Amino acid sequence: MNQWRARQSQLGDQCVPGYNLVDEPWLAVRPVGGGPPVKLGIAEALARAHELECLVVEFSTQLPAVLRQVLLPVVAHATGAPVTLRNKGDRLAQKDGFTQDELDRFQAHFDKHHAKFDLFDSVDPFAQVAGLRTAKDETKGSAALVATAASGNNVPLFANRSDADPLDLTPAQAAHWLLHAHCWDTAAIKTGVVGDDQVKAGKTTGNPTGPLGQLGVIVPTGSTLYETLLLNLPVTPPEVLGVPQWMRGPHEPAWKPRKAEGLLDLWTWQARRIRLIPHQDETGRPRVARVVVSAGDRLTPMSEQEPHTAWTFTAPAKKSAAALPERRPRRHTQGKAAWRGLDALLAPTRQSSDGAFETSVLLDEVSALREDGRLPADYALQVETFGMVYGTQSAIVEDVIHDAIPLPLLALHQDSEAHQLLLDVAEQAEQLAKAVNNLSADLRRAAGADPIPWDKGQRPGDLLLHTLDPLVRRLLAGVRDAGADDEVLERGRLAWEEVAHHRARDAANELLLAAPATTFTGRTITPAGTSGKSGKSQTYKLGTAGANFRHWLDEILPRYADAVREAAAARAAETGRALEPDPAPGADLDD
């Protein structure tokens, strides 16, 4: 028995009663049909999964952590993952949730492994290492687990507490943040512990972030918790499923770089060695205020089984005829709405050999289920995206990315009208923002100033995208409801172009009205050329800038431009008057 094992009985928190996640009400879930969230344990949440709409978490990135570290592994290990698409479709169609046979399997699993889910067990606490300690028996405040709390160098902007302030967590909160740390913890230096033979000078270095911190996480969700669980279970043969972390314990302080041994090992990856230190408050209720957090297993390389991300293909580091593009997880972009990444979400896996993107295997399976007729065209699929933005060598959390959009199933098929419509709309929004930015740049040059740099400050195109955001989301829901009705889709496309046209004109008018008088005459700029020769001179002025913008607008939104011209021609034919010319250069775009 090694040194850390010998100290377990001395350091165990036996005075605090157990807190078993199977039975204790630590999961907040919202009932179908609305109403306040109810608190349930794992067993009851699964039994009532068809009556529950979704998990409710304190911090958005806790949701994929709870799904991957607990709920999905329990379902997959107790009842098996779908072995074929047909099997997945049949299970997804069970409107009454899990069958009695599946519920019996859950009960048998919990009966056999019930003690493994005790958060404060003295020998094998859930997702922790019993007796984990430093050489000097030092501990940290529970803020070391909490991404939103000040802890060491991780001081969130506008934090209302300091590292010295105690943070008493309830067992439910501690469980959520424990799972969150395994998935999203920051990188860099971690506390060295007894039993870890890789500790140097009381610490370990070179620690990566938690596995999810290296991904742009994609979670498809349905109308009930049951549907969400099935949507997130990829088709997986039993022989490669593996076992969850609670079947691999008790865990020890020692860690190593290794590959994931199956999907369940990947989902329940122990990226840190952690010990929660509970105490009882003045009312006798258990609380967690102190923790030990040290280095954990390092996932090398990223598992090809990872279902909760899209992928990017990059040129191989070593160029040769036999070299294949490198497949890497695609991360979300800070400040960018999920619909602006539809090109990756809608890219099927069969495009991977020569394409730039590959969607999540989960979305690809949803597409196949729709193609087989096992899901209706108007199925209420939502896609939630999650990501973490780290700073200073990934040692601090700078921002959290979270978004949710409705995703029409037909758009997952490359040859569908819905697929092309959504890609066109996303591209049109980006081009409109670019056109507004170009107008701003031309007006600033005409006034004698430099354009706003793309990476500094907020450009007017960003504000336009913010204005267009609710319109795109409404369109996504409308396309989903329209199903395969191409006539409805075409009307929706024209309606989008009309509203987008007006929003872009409004943004342009603000710039034109704010332009100083000197922009009427403008300014001529002669750029420096090569070999000491001057480049071609160009004159920037308000009239030219306005005319260019109108031209861009008609090119970006051709259907609405054609509709306006046709309507004007019809009015001219009725009145016998000639068509009115385009607005004079520099005129207000609404004139």
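Report on the accompanying structure. This is a predicted model, so every value here is computed, not measured.

Let us now look at unusual backbone geometry. With an omega of 0 degrees, the peptide bond running from Gly249 to Pro250 counts as cis. Looking at the element boundaries, Pro250 is found in the loop between helix H8 (225-231) and strand S8 (257-258). Residue Thr300 is joined to Pro301 through a cis peptide bond whose omega torsion reads -10 degrees. Following the sequence through the fold, Pro301 ends up in the loop between strand S11 (298-299) and strand S12 (311-314). Positive phi values are uncommon outside glycine, yet Ala201 reaches one of about 55 degrees. Exposure remark for Ala201: the relative accessible area of 78% places this residue in the exposed category. A positive phi angle, near 50 degrees, is found at Thr392, a position not held by glycine. Following the sequence through the fold, Thr392 ends up in the loop between strand S15 (382-391) and strand S16 (396-406).

Counting 139 residues, the largest nonpolar core has Trp26, Ile42, Leu46, Leu71, Leu276 and Leu342 as the members making the most contacts within it. Ranked by the residues each element gives to this core, the list is headed by helix H12 (residues 417-446), at 12 residues. Counting 5 residues, the second largest nonpolar core, distinct from the first, contains Val129, Leu132, Val193 and Val292.

To continue, consider the side chain of Asp196. Residue placement: Asp196 occurs in the loop between strand S5 (188-191) and strand S6 (203-207). The side chain of Asp196 sits in the buried core without any salt bridge; Arg298 is the nearest counter-charge, 7.6 Å away. At a separation of 2.9 Å, a polar atom in the side chain of Asp196 contacts the side chain of Trp255. The contacts of Asp196, once residues within four sequence positions are left out, are Thr204, Pro253, Ala254 and Trp255.

By the element assignment, Leu85 lies in helix H5 (residues 85-92). Residues Leu85 and Val366, 281 residues apart in the sequence, show an inter-C-alpha distance of 9.2 Å. In this structure Leu85 touches Val235, Glu365, Ala368, Leu369 and Arg374, once residues within four positions along its chain are discounted.

Tallied over the full model, the rule gives 8 aromatic pairs. Ring plane angle 85 degrees and centroid distance 5.0 Å describe the contact between Phe98 and Phe106, whose orientation is recorded as edge-to-face. Residue Phe98 is classed as buried on the basis of its relative accessible area of 6%. Relative to Trp246, the ring of Phe117 lies with its centre 4.9 Å away and its plane at 50 degrees, an arrangement referred to as tilted. Of the two residues, Phe117 is situated in the loop between helix H6 (100-113) and strand S4 (140-141) and Trp246 in the loop between H8 and S8; the sequence distance between them amounts to 129 residues. Residue class for Trp246 comes out buried when judged on its relative accessible area of 2%. Feature note: the residues Phe110, Phe117, Phe126 and Trp246 constitute an aromatic cluster, connected by ring pairs. Sitting over the ring of Trp311, Arg327 keeps its end group 3.8 Å from the ring centre.

Once that is clear, we can look at the pattern of salt bridges. For the structure on display, the rule yields 32 salt bridges. Here Asp137 ties to Arg133 by a salt bridge, and the two come within 2.7 Å at their closest N and O atoms. Residue Asp137 is classed as partly exposed on the basis of its relative accessible area of 39%. What makes Arg133 buried here is its relative accessible area of 6%. Arg491 serves as the salt-bridge partner of Glu487, at 3.4 Å between the closest nitrogen and oxygen. Separated by 4 residues within a single helix, Glu487 and Arg491 lie in helix H14 (residues 486-514), roughly one turn from each other.

Bringing the pairing of strand S7 (residues 217-221) into the picture now. Most of S7 is tucked away, with 5 of its 5 residues classed as buried. Covered by surrounding structure in S7 are Val217, Val219 and Thr221 together with Ile218 and Pro220, the residues of both alternating faces. Inspection of the sheet shows S7 paired to S15 by 5 bridges, in the antiparallel sense. In the strand pairing of S15, Pro220 is matched with Val383.

Calculation criteria
Residues numbered from 1 in each chain as written. Predicted model: local features only at pLDDT ≥ 70, side-chain atom pairs only at ≥ 80, totals over all residues. Heavy atoms only, no water. Helix = DSSP H or I, 4+ residues; strand = E, 2+ residues; numbered from the N terminus. Buried < 20%, exposed > 50% of the residue type's maximum accessible area, 1.4 Å probe, protein only. Core = buried A, V, L, I, M, F, W, Y, C linked by side-chain atoms within 4.5 Å. Lys, Arg positive; Asp, Glu negative; His and termini not counted. Salt bridge = Lys/Arg side-chain N within 4 Å of Asp/Glu carboxyl O. Polar contact = N/O pair within 3.5 Å; in protein donor to acceptor, adjacent residues only side chain to side chain. Contact = heavy atoms within 4.5 Å. Phe/Tyr/Trp six-rings, centres within 6.5 Å; stacked < 30°, edge-to-face > 60°. Lys NZ or Arg CZ within 6 Å of the ring centre and 35° of its normal. Pairing = 2+ DSSP bridges.

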